[in-house]
2 protein chains.
Amino acid sequence: MTQTYDSGFGSGFDRDTDVRPTVEEGRYEADLSAGWTVGGGLNGGYLMATLGRAVSRRARDLGHPDPLALSAYFLSAATPGPAQARVEVLRAGRGTSTLSGTLTQDGVQRLTVLSSYVDLGSLTPEVATTATPPALAPVEQCVPTSEDPMAPEFSHRFELRLDPACLGFASGTPGGRAVMEGWFRLVDGREPDPISLLLAADALPPTTFELGRPGWAPTVEMSVHVRARPAPGWLALRHVTTNLAGGYFEEDCEVWDSAGRLVAQARQLAKTPRG
Amino acid sequence: MTQTYDSGFGSGFDRDTDVRPTVEEGRYEADLSAGWTVGGGLNGGYLMATLGRAVSRRARDLGHPDPLALSAYFLSAATPGPAQARVEVLRAGRGTSTLSGTLTQDGVQRLTVLSSYVDLGSLTPEVATTATPPALAPVEQCVPTSEDPMAPEFSHRFELRLDPACLGFASGTPGGRAVMEGWFRLVDGREPDPISLLLAADALPPTTFELGRPGWAPTVEMSVHVRARPAPGWLALRHVTTNLAGGYFEEDCEVWDSAGRLVAQARQLAKTPRG
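This is a predicted model, so every value here is computed, not measured.

A. Spotlight on the overall build of chain A. Regarding its fold elements, chain A presents 3 helices and 17 strands. Taken over C-alpha atoms, the radius of gyration comes to 18 Å for chain A, in line with the 19 Å a tight globule of 275 residues would show. If you line up chain A on its principal axes, its C-alpha atoms span 55 × 45 × 40 Å. In chain A, which comprises 275 residues, the proportion classed as buried is 61%. Here the analysis covers contacts within chain A between residues at least 6 apart in sequence; of these, 69% occur between residues at least 24 apart. Total accessible area on chain A is roughly 10400 Å²; 51% of this is exposed by carbon and sulfur atoms. For chain A, the separation between the mean place of its 24 positive charges and that of its 32 negative charges on side chains is 4 Å.

B. Structural view of the packing of aromatic side chains. As enumerated under the stated definition, the model contains 12 aromatic pairs over all chains in all. Judged by centre distance (5.1 Å) and plane angle (70 degrees), the rings of Phe169 of chain B and Phe209 of chain B are edge-to-face. Taken as a pair, Phe169 of chain B in the loop between strand S11 (158-162) and strand S12 (179-186) and Phe209 of chain B in the loop between helix H3 (194-200) and strand S13 (219-226) lie far apart in primary sequence, 40 residues in all. The buried category is assigned to Phe209 of chain B, whose relative accessible area is 19%. Three or more aromatic residues joined by ring pairs make a cluster, and in this case those are Phe13, Trp36, Tyr46, Phe154, Phe158 and Phe184 of chain A.

C. Region of the structure containing the pairing of strand S16 (residues 248-256) of chain A. Residues and elements named next belong to chain A. The element S16 is extensively covered by neighbouring structure, given that 9 of its 9 residues are classed as buried. Both faces of S16 are covered, namely the face carrying Tyr248, Glu250, Asp252, Glu254 and Trp256 and the face carrying Phe249, Glu251, Cys253 and Val255. Note: strand S14 (residues 235-240) against S16, 5 bridges, orientation antiparallel. Bridging across to S16, Ala236 finds its partner in Trp256. With antiparallel pairing between neighbouring strands as the criterion, strand S15 (residues 243-245) and S16 make up a hairpin whose turn holds 2 residues, including Gly246 at a positive phi of roughly 65 degrees. Direction of pairing for S16 relative to strand S17 (residues 262-271): antiparallel, over a ladder of 9 bridges. From the neighbouring strand, Asp252 faces S17, where its bridge partner is Arg267. Where S16 folds back on S17, the antiparallel hairpin that results is connected by 5 residues, among which Gly260 adopts a positive phi of roughly 80 degrees.

D. The environment of Leu51 of chain A, seen in detail. All names here are of chain A. Along the chain, Leu51 falls in helix H2 (residues 44-59). For the pair formed by Leu51 and Val179, sequence separation is 128 residues and the distance between their alpha carbons is 28 Å. Setting aside residues up to four positions removed in sequence, Leu51 forms contacts with Ala85, Gly101, Thr102, Leu103, Leu111 and Val113.

E. Just the relation of the copies chain B and chain A, in detail. Overlay of chain B on chain A (RMSD 0.0 Å): rotation 180 degrees, translation along the axis 0.0 Å. Classification of the inter-copy transformation places it as that of a two-fold axis. Taking C-alpha positions as the reference, the residue of chain B nearest the rotation axis is Ser71 of chain B, at 3.4 Å. Interface residue correspondence from chain B to chain A reaches 100%, placing this contact among same-surface, isologous pairings.

F. Structural view of the interface of chain B and chain A. Contact with chain B, which involves 49 residues of that partner, is made by 49 residues of chain A. Across the chain B/chain A interface, buried area totals approximately 4100 Å², and carbon plus sulfur atoms make up 51% of it. Taken together, chain B and chain A are joined by 4 salt bridges. Residue Asp252 of chain B is joined to Arg267 of chain A by a salt bridge in which the shortest nitrogen-to-oxygen separation is 3.5 Å. Inspection of the chain B/chain A interface yields 41 residue pairs in polar contact (both at pLDDT 80 or more). Going through the elements one at a time, strand S5 (66-74), strand S6 (81-92), strand S8 (108-118), strand S9 (127-129), S13, strand S15 (243-245), strand S16 (248-256) and strand S17 (262-271) of chain B are the ones with two or more residues in the side of chain B that touches chain A. Counted by class, the side of chain B that touches chain A contains 21 nonpolar, 19 polar and 9 charged residues.

G. Inspection of the pattern of salt bridges at higher detail. Residue and element names in this part refer to chain A. By the definition in use, this model includes 34 salt bridges over all chains. One salt bridge connects Asp14 with Arg190, and the closest N-O pair in it is separated by 2.8 Å. A residue pair is termed long-range when its members are at least 10 positions apart, and Asp14 in helix H1 (residues 12-16) and Arg190 in the loop between strand S12 (179-186) and helix H3 (194-200) qualify at 176 residues. Each member of the pair, Asp14 as well as Arg190, carries the same accessibility label: buried. Each member of the salt-bridge network shares a partner with another, and the members are Asp14, Arg53, Arg190 and Asp193.

H. Focus on the environment of Leu197 of chain A. Residues and elements named next belong to chain A. Along the chain, Leu197 turns up in helix H3. Residue classification places Leu197 among the buried residues on the basis of a relative accessible area of 0%. When sequence neighbours within four positions are dropped, the list of residues in contact with Leu197 reads Val226, Ala228, Pro230, Leu235, Val255, Val263 and Ala264.

I. Spatial organisation of the UniProt feature "domain: Acyl-CoA thioesterase-like N-terminal HotDog" (unreviewed entry) in chain A. Sites flagged by UniProt as "domain: Acyl-CoA thioesterase-like N-terminal HotDog" (unreviewed entry) map to residues 33-118 of chain A. This span, residues 33-118 of chain A, is 19% helix and 52% strand, and a straight line between its end C-alpha atoms measures 28 Å.

J. Seen up close, the state of the cysteines. Tallied over the entire structure, the rule returns 0 disulfides over all chains. Summary of cysteine pairing: Cys253 of chain B is not part of a disulfide, and the nearest cysteine sulfur, belonging to Cys166 of chain B, is at 13 Å.

K. A look at unusual backbone geometry. Its identity is not glycine, yet Asp188 of chain A carries a phi of approximately 65 degrees, on the positive side. With respect to the helices and strands, the residue Asp188 of chain A is situated in the loop between S12 and H3.

L. Up close: the side chain of Thr219 of chain B. Residues and elements named next belong to chain B. Take Thr219: it is sitting in strand S13. You can call Thr219 buried: its relative accessible area is 17%. There is a polar contact of 2.6 Å between the side chain of Thr219 and the side chain of Gln268. Every residue in contact with Thr219, bar those within four places of it in the chain, is listed here: Phe74, Gln268, Leu269 and Ala270.

Each value, and the rule that gives it
Residues numbered from 1 in each chain as written. Chains lettered and ligands numbered in written order. Predicted model: local features only at pLDDT ≥ 70, side-chain atom pairs only at ≥ 80, totals over all residues. Heavy atoms only, no water. Helix = DSSP H or I, 4+ residues; strand = E, 2+ residues; numbered from the N terminus. Rg over C-alpha atoms; globule rule 2.2 N^0.38 Å. Buried < 20%, exposed > 50% of the residue type's maximum accessible area, 1.4 Å probe, protein only. Contact = heavy atoms within 4.5 Å. Areas by Shrake-Rupley, 256 points an atom, 1.4 Å probe, with all protein chains shown as cover. Lys, Arg positive; Asp, Glu negative; His and termini not counted. Charge placed at Lys NZ, Arg CZ, Asp CG, Glu CD. Phe/Tyr/Trp six-rings, centres within 6.5 Å; stacked < 30°, edge-to-face > 60°. Pairing = 2+ DSSP bridges. Least-squares fit on C-alpha atoms with pLDDT ≥ 70 in both. Buried area = accessible area lost by both parts, 1.4 Å probe. Salt bridge = Lys/Arg side-chain N within 4 Å of Asp/Glu carboxyl O. Polar contact = N/O pair within 3.5 Å; in protein donor to acceptor, adjacent residues only side chain to side chain. Nonpolar A, V, L, I, M, F, W, Y, C, P; charged D, E, K, R; others polar. UniProt positions renumbered as here; feature names shortened; annotations may be inferred. Disulfide = S-S within 2.5 Å.

This is the structure:
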């Protein structure tokens, strides 16, 4: 069965990322929710999921409902309220389609993406992963970010429990390791799917928190590879940075599902916050 | 001094990636060279360098001549001969500009990119890299790929010397590790620069060679982060794959310069060749 992402509004995530087709092909309307505010705007993963959903609406007519690769460039800070998505098919192939998408508010571009969409359900079941999942403490021993009184608004839209080994920053003693790990799930019992993985890949605090740089780290570019439809349940997330230089740092994200599969990999380039 | 990339045709690389402005703003003409043939078309890194150069022509007028991040989606196989590049400024910022670019032949899109350009010379000198360079054998103990009679045409455009530890495939006994490492430099004494790093990031054979899958591995998406202008001399390259699944694999590339700096990081998603 082809996934449609028309799952109704049983969850806040589905409601907040909803896109409505217009009479013009490839044009969609969205309402960005203030619930996803963080730093100087709305969370990048939330915006990628919303635009990724608009792209999926167009790509599913080509038989390719799922993001396989999506590269996002952030142009200006999005604000709560109406937004317009424009999706263009660059190439409709047999197994893969390539599409571009842009999210605009009042004529100002917020986010633009290039993407390859496929039917993840049709891929070969072959798996030869040598990466290993994060060795996270059990969920009940990890610390919910939403309980922090300083937590940004968007952290109430999902459950994120950070591993105690990455939590030095929370008590003012950053651990010095550029690693951030934790458990993630949406609220309302909404199970993960390829679109929500675009959010999950940008949900952890930046690794720079543990390097004593607690400020906002605006993303320049972020590319997500969705490699499989995730199994229901908690996702395990890991962020690692190895090259902090010239005022920028890369952040690699792995998303593992409850069946132990590496379902998404992402890399972003972000501006290093001041120390 | 702002880099212009107008270095003349002292090298084959500069000649083959040259782009000529047309009377129309943001439109350029290129002549793709048969010298870069590999697998079913022209090398992806060569195409990225050519289009990246067209983007640079436009971005330098905004004070941002160097690629910082460039994400490429490959749409169809390019062929030797005339090509047209179209570059659009999406956002001209103070420190960064965001641009899109498309390379077309006879009206058929070959490659489309989103990119952020900066002046790499203006970035803070801060470096806090924890990644470590590949432990390569000395250049003279590494094996030139161009001496292989089966070597693709494009391997004669540069010097690539592979570390013996990654060379099992060459004698029919693939080593089983998804790692590929070697030394790289352009011919004609052409020193590396940010544009040639776009080529270097896609110059090694795919890691799948060492996994017993010697076929062509077409790239779906490739994102390159150029983090600094490279020092003159040999570059050390490393490819690593950790997730081969569902018919696709990711390939992470590091490019280190002769001064020991991690000057570029890249990740691509490619189709797994049949075994």
